[in-house]
Amino acid sequence: MKPADVETFFATLKAANPQPASELVYSSVFELLAAVLLSAQATDVSVNKATRRLFAVAPSPQRMLALGLDGVIEHIKTIGLFRSKAKHLLETCRLLIERHGGRVPRSREALEALPGVGRKTANVVLNVAFGEPTLAVDTHIFRVGNRTGLAPGKTPLAVELKLLQRVPAAYLEDAHHWLILHGRYVCQARKPRCWDCAVADVCDFRPKPPRP
DNA sequence: ATCCCGAGGG
DNA sequence: CCCTCTGGAT
């Protein structure tokens, strides 16, 4: 993708969706952190189904700890990777209380020190909860960055750095959600919907012509 | 590089 | 059946 097309790319996505937001359901910074931790390799629909039950009983680190491992698993067992996620979530809750007064810390170092929280999850929390100019690269953004030519890279970190360097400052705040929603609904993994893609003319990807 | 791991879509 | 889903730890 040519540098001049990057502005067009984001202006077009913005016009279609002026105020993009996460589709995860949460009502506090703690719930955001927990929901994102649970969302690894899972759809937001399945995560929301589980967190509706979980957060009704455990909206705080203290209440989450009180549930215990089996209690947490009972609520999230419909999500993939549920055993490791339950374990990580509980240990994270313990550390939030022990190190951070039961609050979610605002620094990358403190966030990534929590089990189950890596660079991507930390970036989401820093951006969405604290308004920091970070850009979390998930499976969608990694694919969209490479496929479109907007931000090619062999690893998520490489794509993230390329995006931070190419996305105009005015779009950085919401770029994460525009890219993720574009990847989820239009630039899909298996069958990208290029025929109704608003940014197809500035995209490097050319789909195979359909069979007659 | 491998493991974790359920639900939904094609 | 196979692939994908807002990854992270070992």
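Parameters and conventions
Residues numbered from 1 in each chain as written. Chains lettered and ligands numbered in written order. Predicted model: local features only at pLDDT ≥ 70, side-chain atom pairs only at ≥ 80, totals over all residues. Heavy atoms only, no water. Near = heavy atom within 4 Å. Polar contact = N/O pair within 3.5 Å; in protein donor to acceptor, adjacent residues only side chain to side chain. Nonpolar A, V, L, I, M, F, W, Y, C, P; charged D, E, K, R; others polar. Helix = DSSP H or I, 4+ residues; strand = E, 2+ residues; numbered from the N terminus. Buried < 20%, exposed > 50% of the residue type's maximum accessible area, 1.4 Å probe, protein only. UniProt positions renumbered as here; feature names shortened; annotations may be inferred. 1 Å grid on protein atoms, 1.4 Å probe; cavity = no way out; pocket = protein on both sides within 12 Å on 5 of 7 lines; lining within 4 Å. Points joined across faces, edges and corners; volume = space filled by probe spheres on them. Domains from an automatic or database assignment. Axes fitted to C-alpha atoms, helices over the stretch in contact; angles between N-to-C directions. Parallel < 35°, antiparallel > 145°, perpendicular 65-115°, else oblique. Contact = heavy atoms within 4.5 Å.

K.L.:
Help me understand the protein's contact with DNA strand B in this model?
P.N.:
Contacts to DNA strand B come from Q41, K49, K77, T78, I79, G80, L81, F82, R83 and R190. Here DNA strand B approaches the protein such that, of its atoms within 4 Å, sugar and phosphate make up 55%. Contact distances for DNA strand B include 3.3 Å between a phosphate oxygen and a side-chain N or O atom of K49. Broken down by class, the residue content of the surface near DNA strand B amounts to three nonpolar, three polar and four charged.

K.L.:
Is there a simple way to explain unusual backbone geometry in this structure?
P.N.:
Negative phi values dominate among residues other than glycine, just as trans dominates among peptide bonds. Of note in this structure, Q41 is not a glycine but carries a positive phi near 55 degrees. You can see Q41 is positioned in the loop between α2 (29–38) and α3 (44–57). Assessed through its relative accessible area of 70%, Q41 is described here as exposed. Notably, L81 is not glycine yet its phi reads approximately 60 degrees, a positive angle. Structurally, L81 is set in the loop between α4 (61–76) and α5 (82–100).

K.L.:
Is there a simple way to think about the UniProt feature "domain: HhH-GPD" (unreviewed entry) in chain A in this case?
P.N.:
Taken from the UniProt record, the annotation "domain: HhH-GPD" (unreviewed entry) applies to residues 38–185. Strand forms 0% of residues 38–185 and helix 70%; the C-alpha atoms that close the span are 21 Å apart.

K.L.:
Would you mind showing me how to read the layout of surface pockets here?
P.N.:
Empty space among the atoms becomes visible once a probe the size of a water molecule is rolled across them. Put simply, the largest pocket is a space of about 610 Å³. Lining of the largest pocket is provided by 29 residues; of these, S39, A42, K120, D138 and I180 occupy positions nearest its centre. Split into classes, the residues belonging to the lining of the largest pocket amount to 11 nonpolar, 12 polar and six charged. Split by domain, the lining of the largest pocket shows at least three residues from each of two domains, domain 1 (3–20 + 134–202) and domain 2 (29–129).

K.L.:
Would you take a moment to explain the packing of helix α8 (residues 139–148) against helix α10 (residues 169–185) for this structure?
P.N.:
Between two packed helices, what matters for the description is the angle formed by their axes and the separation of those axes. Relative to each other, α8 and α10 sit at 85 degrees, their axes nearing to 8 Å. Judged by the inter-axis angle, α8 sits roughly perpendicular to α10. For the pair α8 and α10, the contacting residues are H140, I141, R143 and V144 in the first and H176, L179, I180, H182, G183 and R184 in the second. Of the residues in the contact of α8 with α10, the class split is four nonpolar, four polar and two charged.

K.L.:
For this particular structure, what's the right way to read the UniProt feature "binding site: [4Fe-4S] cluster" (unreviewed entry) in chain A?
P.N.:
UniProt marks C187, C194, C197 and C203 with the feature "binding site: [4Fe-4S] cluster" (unreviewed entry), using the numbering shown here. Separation in sequence by 17 residues is not matched in space for these annotated residues, since their most distant C-alpha atoms are only 10.7 Å apart. Considering the arrangement of structural elements, one finds C197 in the segment after α10. C197 gets classed as buried once you look at its relative accessible area, which sits at 18%. The contact partners of C197, leaving out residues within four places of it in the chain, are H182 and V186. For C203, the location among the structural elements is in the segment after α10. Discounting chain neighbours no more than four positions away, the residues touching C203 are R147 and T148.

K.L.:
Any chance you could explain the protein's contact with DNA strand C here in plain terms?
P.N.:
The environment of DNA strand C is formed by 30 residues, the closest being D44, T121, H140, R143 and R190. In DNA strand C, the atoms that sit within 4 Å of the protein are 68% sugar and phosphate, with bases accounting for the remainder. G118 has a polar backbone atom sitting 2.9 Å from a phosphate oxygen of DNA strand C. Here a sugar or linking oxygen of DNA strand C sits 3.3 Å away from a polar atom, N or O, in the side chain of D138. Taken together, the elements giving at least two residues each to the surface near DNA strand C come down to α7 (119–129), α8 and α10. Classifying every residue of the surface near DNA strand C gives 10 nonpolar, 12 polar and eight charged.

K.L.:
Please explain the packing of helix α1 (residues 3–16) against α10 as it appears in this structure.
P.N.:
Between α1 and α10, the least distance of the axes is 10 Å, while the angle of their chain directions is 75 degrees. On the basis of their axis angle, the class for α1 and α10 is roughly perpendicular. Along the contact surface, α1 presents E7, F9, F10, A11, L13 and K14, while α10 presents Y171, A175, W178, L179 and H182. Considering only residue class, the contact of α1 with α10 consists of eight nonpolar, one polar and two charged.

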